[in-house]
Amino acid sequence: MEPARVLVVNSGSSSIKYQLLDPDSGKVAASGLVERIGEGGGAIEHTAGEHTVTDQVDIPDHTAGLRLAFAKFADTGQDLTTAGITAVGHRVVHGGEVFYRPTRIDDRVLRTITELSTLAPLHNPANIRGIEAVRTLLPDVPQVAVFDTAFFHGLPEAAKTYAIDRQIAEAHGIRRYGFHGTSHEYVSGRVAEFLGRAPGSLNQIVFHLGNGASVSALRGGSPVDTSMGLTPLEGLVMGTRSGDLDPGIILHLMRTAHLDIDGIDRLLNRGSGLRGMAGVNDFRELRRRIESGDPAARSAYDVYVHRLRHYLGAYLIELGGVDAITFTAGVGENNAEVRADALAGLHRFGIAVDPELNTAADRGARRISPAGAEVQVLVVPTNEELAIARAAVAVTGND
Ligand code: AMP
């Protein structure tokens, strides 16, 4: 029997990431990235098996970008219009209070995702453009939205409530929603599998450290706290985002630096975090600069680690003890130094990292705490595409 095939689409404001995969085995048939949509000088990189093709061509909009990707599929012998795709899964950033399960997309759902754009003005409109492009090119294939916020829908009141005027909060949907939920759910599930334990029996802390970064605390498989809030700006120090701030800084900047909303948005979302402090957002370049004696790079690293430990401490207490602490995503999976520094000197809490296990060349799910340690410290690669593909199949299979 032909393996099932799901196309997963992650559509950004000027880019589309896609993957065609088998949701059972996780085997990827092809994947790619379309960049600089609508900006001139567009580009595509498409990989099928061992072969990667690249192309530079102007791409006016998302439909044109997806059409280009489909052409690359066809060039490598995979005509998507006849490939028997069972579902298309879309990453959608904000599901608000409305969507907390993977949801089959129809006109009404699309309208609601559009309405939720007030909560995610940069992300939801971009996700919608991806959905519309697929609808044009694959009109008969069921499409499913998988929301980045969904996993955190049931956060306890105390964790999700901001201490502001309740009426204003309710009128404007202001609460902590949390993001990277697909990754936190997938990774925490893999942790339970790896440890051979029922998810319900574990207290976990999961650090998703990529260019965007967040941490979650889970009791018995359910999240009880997470570091991102109304938007993905809150919490940890990120590649280009500030994470936590005194909100008074915004007022101060408006009054004294005369920054308007767009200026503040740019500053906090694109010009802060590692990039704002050290001039670079890639951890490998940050490391090179630290080694060359750059004090700004050193300081940025220290702030980054300080914030990780701040949340670790908070979540340890919230959970009243933890069974597993896990690192995932680009930095979490690849940077042994960050893992070691985040957990340094915590022996009295049963938390330790074994230097050899931590720096081993292994790329799969692995333990990095010493044998017999009270708390399991793990590295577990995330796979949001696979989680989205499985969710899409689960929803369309029930139609
Ligand atoms: P993500 O958003 O999960 O793709 O993570 C992107 C970030 O991961 C990059 O900005 C890098 O700083 C970091 N990263 C990726 N690969 C490596 C690596 N091999 N070593 C250290 N950091 C890495």
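Please read these numbers as outputs of a predicted model, since none were measured by experiment.

(A) Looking closely at the pattern of salt bridges. Evaluation of the coordinates by the stated rule reveals 13 salt bridges. The partner of Asp55 in a salt bridge is Lys72, and the shortest N-O contact between them spans 2.9 Å. Taken together, the residues Asp55 in strand β5 (residues 51-56) and Lys72 in helix α1 (residues 62-75) connect sequence positions 17 residues apart. We classify Asp55 as partly exposed; its relative accessible area is 29%.

(B) Representation of the nonpolar core within the structure. By size, the foremost hydrophobic cluster in this structure holds 44 residues, and its most contacted members are Ile205, Phe207, Leu209, Leu286, Tyr304, Ile325 and Leu343. Those elements that place two or more of their residues in this core are β9 (203-209), β10 (213-219), α9 (273-278), α10 (283-291), α11 (295-319), β12 (324-328), α13 (336-342) and β14 (376-379). Look past the residues within four positions of Leu343 in its chain and what remains in contact with it is Arg309, Leu312, Ile325, Phe327, Ile351, Val353 and Val377. Counting 25 residues, the second largest nonpolar core, distinct from the first, contains Leu20, Ala30, Ala83 and Leu138.

(C) View of the packing of aromatic side chains. Considering all chains together, one arrives at seven aromatic pairs under this definition. A centroid spacing of 6.3 Å and a plane angle of 75° characterise the contact between Phe283 and Tyr301, whose relative ring orientation is edge-to-face. With Phe283 in helix α10 and Tyr301 in helix α11, this residue pair connects regions lying 18 residues apart in the sequence. Comparing Phe283 with Tyr301, the two get one shared label, buried. One aromatic cluster is present, built from ring pairs that chain together Phe283, Tyr301 and Tyr304.

(D) Structural view of the site of the ligand. In the region of the ligand, the neighbouring residues are Gly210, Asn211, Asn281, Asp282, Phe283, Arg284, Ala329, Gly330, Val331 and Asn334. Arg284 is positioned with one of its side-chain polar atoms (N or O) 3.4 Å from a nitrogen atom of the ligand. Measuring from an oxygen atom of the ligand, one finds a backbone N or O atom of Val331 at 3.4 Å. Contact with the protein chains removes 66% of the 500 Å² of surface that the ligand exposes when unbound.

(E) The sheet that holds β14, seen in detail. The sheet built from six strands is open, its strands ordered β11-β10-β9-β12-β14-β13 with mixed pairing. The open sheet has two edge strands with one neighbour each: β11 (222-226) and β13 (366-367). When β13 meets β14, the two strands line up antiparallel, connected through two bridges. Bridged to Arg366 within β14 is Val379. Of the strands in this sheet, β9, β10, β11 and β12 are in contact with α11, which crosses β9 at around 160°.

(F) Fine view of the packing of helix α6 (residues 181-195) against helix α15 (residues 384-397). Close contact between α6 and α15 brings their axes to 9 Å; oriented N to C, the two are set at 90°. As far as their axial angle goes, α15 and α6 are roughly perpendicular. Mapping the contact onto sequence places Thr182, Ser183 and Tyr186 in α6 and Glu384, Leu386, Ala387 and Ile388 in α15. For the contact of α6 with α15, the residue count by class is four nonpolar, two polar and one charged.

(G) Inspection of the sheet that holds β5 at higher detail. Strand order across the open sheet formed by eight strands is β5-β4-β3-β2-β1-β6-β8-β7, with mixed pairing between neighbours. Only two strands of the sheet have a single partner each, and these edge strands are β5 and β7 (103-104). Strand direction decides the pairing type here: strand β4 (residues 43-48) and β5, joined by six bridges, are antiparallel. Each residue of the ladder has a partner; that of Glu45, found in β5, is Thr54.

(H) View of α1. When the terminal C-alpha atoms of α1 are compared, their 20 Å separation across 14 residues agrees well with the 20 Å that a helix rising 1.5 Å per residue should span. All of the buried residues along α1 are His62, Gly65, Leu66, Leu68, Ala69, Phe70, Lys72 and Phe73. Contact partners of the buried residues in α1: β1 (6-11), β2 (16-21), β3 (28-35), β4, β5 and α3 (124-137). Between a side-chain oxygen at the N-terminus of α1 and the backbone nitrogen of Thr63 the separation is 3.3 Å; the capping residue is Asp61. Following α1 by one or two positions, Gly77 has its phi on the positive side, about 85°.

(I) Region of interest: the pairing of β14. With four bridges connecting them, β12 and β14 associate as parallel partners. Across the sheet, the residue bridging to Thr326 is Leu378, located in β14.

(J) The environment of Leu312, seen in detail. Inspection of the secondary structure assignment puts Leu312 in helix α11. In sequence terms Leu312 and Asp323 are eleven residues apart; their C-alpha atoms lie 13 Å from each other. Those residues in contact with Leu312 that lie beyond four places of it in its chain are Ile205, Phe207, Ile325, Ala342, Leu343 and Leu346.

(K) Highlighting the packing of α10 against α11. Orientation of α10 relative to α11, taken along the N-to-C sense of each, is 125°, at an axis distance of 8 Å. Put simply, α10 runs oblique to α11. On the side of α10, the interface is formed by Phe283, Leu286, Arg289 and Ile290, while α11 contributes Ala297, Arg298, Ala300, Tyr301 and Tyr304. Residue composition of the contact of α10 with α11, grouped by class: seven nonpolar, no polar and two charged.

Parameters and conventions
- Residues numbered from 1 in each chain as written.
- Predicted model: local features only at pLDDT ≥ 70, side-chain atom pairs only at ≥ 80, totals over all residues.
- Heavy atoms only, no water.
- Salt bridge = Lys/Arg side-chain N within 4 Å of Asp/Glu carboxyl O.
- Helix = DSSP H or I, 4+ residues; strand = E, 2+ residues; numbered from the N terminus.
- Buried < 20%, exposed > 50% of the residue type's maximum accessible area, 1.4 Å probe, protein only.
- Core = buried A, V, L, I, M, F, W, Y, C linked by side-chain atoms within 4.5 Å.
- Contact = heavy atoms within 4.5 Å.
- Phe/Tyr/Trp six-rings, centres within 6.5 Å; stacked < 30°, edge-to-face > 60°.
- Near = heavy atom within 4 Å.
- Polar contact = N/O pair within 3.5 Å; in protein donor to acceptor, adjacent residues only side chain to side chain.
- Areas by Shrake-Rupley, 256 points an atom, 1.4 Å probe, with all protein chains shown as cover.
- Pairing = 2+ DSSP bridges.
- Axes fitted to C-alpha atoms, helices over the stretch in contact; angles between N-to-C directions.
- Parallel < 35°, antiparallel > 145°, perpendicular 65-115°, else oblique.
- Nonpolar A, V, L, I, M, F, W, Y, C, P; charged D, E, K, R; others polar.
- Expected span 1.5 Å × (residues − 1).

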